Every structure is written in structure tokens, then in C-alpha cells.
Amino acid sequence: MSHEVIRHLLDDYVTGDLADDARAPVADHVAGCEICRAEVEDLRRILAKAAELPKSVDPPPEAWQSIRASIEREKIAVAERGERVASWWQRPSVVAAAVLLAVVLSSAGTALYMDRGDSAAAGSPVPTATTAATPATLAAFTVEENNYLRNVAVLQDMLDQQEASLAPETVAQLKVSLRTIDEAILEARLALARDPANQTLIEMLSGNYKQKVDLLRRTTELTRGS
Amino acid sequence: MKTSAVVSDTIGPHPSTIGEENAAALESVRRAQAGDVDAFEALYRQHSGRIYALCLRLKAGDSTDATELMQDVFIRAWRRISTFRGDSAFGSWLHRLAVNTMLENARGERRRIARVLPMDDTSRLEGAARSSGVDLRMDMEEAVASLPQGARLAFVLHDVEGYQHQEIATQLGVSVGTIKAQLHRARRLLRERLER
């Protein structure tokens, strides 16, 4: 090995990171080369100085007060957020939606019962994905949609509290993914508004919601595991 | 002494030089996990010197930046203390958190620096450091503080704190070769500056 090649190996030689088969030729060269020997000595001196640096330095005395104030503020914020989550079910809009849902379910349940009776009597085929959705399918989807929305709200809130424990890249990726899913949900929702009886659109929308819940759930699990 | 940890998404663990966990410390951890801020303060008193020393070096000796970083580390530690399971000493866990926090900040800083000058051209940073008064005879601490950011990061984590090339490379998202090159450069610059 030439002098120039060996000079590039001196760091690993000094720190002991050099492979065994390269160690002997480098040692031989260093023994006979004044420049490399001086460099090895300097490197050893630098490493020794690094090892001597103090491992502990007293922080400014006021630093803790600022940390404590932040912690206390966070505790209050978390408590308030907890109260908001607890009162989620008591919001007027949620109560109104629940009442409306109960009415829809009741009507849909009746319609389903009657539909099944009619179908069984007439021997009608099971509707395919492209056939018009029955009121029962819409009602089932309404229940499903509300379940997803509830899960999303709870998971999103948990995630908001734990966001600080995730790497910024993960949070950024999560936001991009959620935005993509939300756009897909919006598109399917708009399409369903134009064609409310389309079973395929319902399935697509249901799949989008499921994807969102899965993503949020996996991310909250990530915060627990980190 | 170098660490022998399997490389993961977090750096470390830190060498066991931080110290053994005693029963009182474990009790403080348990109480802090239950939300006791006084217990967390006891942990702060025990570990802040070590964490502050690390922050100070990573922030080039700037005590304001170092204090901010240390505060960030302890606030994160409070948020995440429920995830500490005692698999390692609390001091090691905290140290790892400090390094990760700093590296996250460093990635942001690196992006900011990249907007004003190419990453592989740090000669201007070195020139700026020289012109700002570091061409006097330095002690080791000053010399480390005067290093360009990449070289300083590699040197502090590897030569002062004892992390392995691979761990640092993984966490910074660069190759082992890049870390070795930064170390090589850091040591040569230190040699040059300490000789003046």
C-alpha cells in the first residue's frame, strides 16, 4: 500500500476499526514513515483530549423553572382536552345526529324487513355491486359511517396528544396520507350525493373510512411503542 | 468504549458510563410516570448535568441554544416517560432521547443551511469560524465548538460520547463513509487548531 492510501487508513488504525488483514501493513508503514507516525501521535492525542472532556456541566439554575412551567401548561391542556373528548357525546349536533340515525334505522329496518319478505316471496336475485342500493344498504352504511367517524375522532384526539413523540418525518407522512384519504372520501361522498343508490360508491367510501381508521390506529400504536 | 447495540430507528444505547440505576431513581421514575412533577424534578437534578454537557457541545458552546435544547429534551422526556419500561438505565434512555432530539433539530438546520450554501462546501463556514476569532490558541472545548456542524456532530457523538459509525450514519440518514469522512476532517481541523 502506498503512503497516500495508508494516510487515509490512519483514523481507523488509531481507533481500532481497521480490519485485521490491513492492520499489519499499516503498522509497518507507520513504523518507518515519520509523517504518518506524527499523524498517528496527533490523532491519539486528540482522542485522549476528547476522552478527558468533562461529562457533566451544570445547566443554568433557572432552566428547570421553564421546564416545569411547560409541563404544568401541558398537564392543563391535556386535562382540558380530556374534558372535550368526554363531552363529545353530549354535543347538540351529535345528539341530533343520533336521534336522526335512530329514525333512519327504524325506517330502514322496517323497509329491510319488508324488502326481504318481498324478495323471498318473488325469488328475486341478490343485488350485485352495480345494482341500485336498497334503503337497507344505505342504513347499514350510515351506521358504519358513524362508527368510523367516531373512531376517527377518538384516534385523532389520541394522536394529537402523542404527536410530539413521533418523528417529524412520520408526522409529515401521516398528514400527507390522511389528506389523500380525505380527498378520496370527499370524492366518493360527492359522487354518492349524485348517485345515492350506487353500491360500488358505498363500498368505496366504506373502504376509504376503513383505511383512515387503520392508518390512525397503526400510528397511535406507533406512539405507544416508541 | 464503543456501543454494541443493534442499529434501530433510534440511536444508542449509550455506554453504561452514565451510571447504575439505584432504587431511589427507579422510584422517582415510577412516580414521574404516575404524573408526579416533583419526582421528575429529582430525575432532572440527577441527569441534567450530563445532558447539558452534551447539548452544549452539540450547540457549539452556545449556552442559550444548549439550554433550549436541554429544556426540549426534558419536556419530551416528560411526555414520553410512560414509554420507559426499564429495559435500560433511565440515564441511557434520556441520553438517547437527547441525541435523537438534537439530530431531529440538526436535520432541520441542515436543510436551512442547504438553502444558503451547498452541503459539501463547508469551507466558507470554516472561514467564517476563523474570521470570528477562533484563530487564537484554543483549548479542546473551544476547538470542538469551532468545528463545522457536520464534523462537530460526528466528533462529539463518536469520539466524545462513544457511539458507533453505523448508529450515527443511520440516525443522520447518511453513509458510514460520510461519517468517517467527517470524523477525519474533524480530527484534522482539531489538530490544526490546537497546534496554533
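Now for a look at the structure at hand. What you see is a predicted model, and the numbers here were worked out from it, not measured in a lab.

Time to look at the overall build of chain A. The helix and strand tally for chain A stands at 9 helices and 0 strands. The N-to-C order of helical and strand elements in chain A reads α-α-α-α-α-α-α-α-α. Taking all 226 residues of chain A together, the buried fraction comes to 12%. The long-range fraction of contacts in chain A, counting pairs at least 24 apart against all pairs at least 6 apart in sequence, stands at 72%.

This paragraph deals with the environment of Leu10(A). Checked against the element boundaries, Leu10(A) lands in helix α2 (residues 10–15). On a C-alpha basis, the gap between Leu10(A) and Val30(A) in space is 8.9 Å, while along the polypeptide they are 20 residues apart.

Turning our attention to the interface of chain B and chain A. Chain B puts 30 residues into the contact, and the matching count from chain A is 27 residues. Contributions of two or more residues to the side of chain B that touches chain A are made by α2 (37–58), α3 (63–80), α6 (140–145), α7 (149–160) and α9 (176–195) of chain B. Per-class residue counts for the side of chain B that touches chain A are 13 nonpolar, 6 polar and 11 charged.

For soluble globular proteins, the rule of thumb is that nonpolar side chains tend to be buried together. Counting residues in hydrophobic clusters, the biggest one holds 58 residues, and the most contacted among them are Cys55(B), Ala98(B), Ala154(B) and Phe155(B). It is α2(B) that contributes the most residues to this core, 10 residues altogether. For Ala154(B), the contacting residues outside a window of four places in its chain are Ile168(B), Ile179(B), Gln182(B), Leu183(B) and Ala186(B). If you look at the next biggest cluster of nonpolar residues, it comprises 5 residues, including Ala188(A), Ile202(A), Leu205(A) and Tyr209(A).

Moving on, we get to helix α3 (residues 20–32) of chain A. Residue and element names in this part refer to chain A. All buried positions along α3 are accounted for by Val26, His29 and Val30. Viewed along the axis of α3, the buried residues span an arc of 100°, placing them on a single side of the element. Of the exposed residues in α3, the ones pointing more than 90 degrees away from its buried face are Asp20, Asp21, Ala24, Asp28, Ala31 and Gly32. In this fold, the buried residues of α3 make contact with α1 (3–7), α2 and α4 (34–52).

Turning our attention to the packing of α2(B) against α3(B). Residues and elements named next belong to chain B. With their axes 9 Å apart at the nearest point, α2 and α3 run at an angle of 140° to one another. Looking at the two axes, α2 sits oblique to α3. Relative to α3, α2 is oriented so that their crossing is right-handed. From α2, Phe40, Tyr44, Ser48, Ile51, Tyr52, Cys55 and Leu56 reach across to α3, where they touch Ser63, Ala66, Leu69, Met70, Val73, Phe74 and Trp78. Its residues assigned to classes, the contact of α2 with α3 comprises 12 nonpolar, 2 polar and no charged.

Definitions and limits used
- Residues numbered from 1 in each chain as written.
- Chains lettered and ligands numbered in written order.
- Predicted model: local features only at pLDDT ≥ 70, side-chain atom pairs only at ≥ 80, totals over all residues.
- Helix = DSSP H or I, 4+ residues; strand = E, 2+ residues; numbered from the N terminus.
- Buried ≥ 20, exposed ≤ 12 C-beta atoms within 10 Å, placed from the backbone.
- Contact = placed C-beta atoms within 7 Å.
- Nonpolar A, V, L, I, M, F, W, Y, C, P; charged D, E, K, R; others polar.
- Core = buried A, V, L, I, M, F, W, Y, C linked by C-beta atoms within 7 Å.
- Arc of directions from axis to C-beta.
- Axes fitted to C-alpha atoms, helices over the stretch in contact; angles between N-to-C directions.
- Parallel < 35°, antiparallel > 145°, perpendicular 65-115°, else oblique.
- Left-handed = near helix turned anticlockwise from the far one by under 90°.

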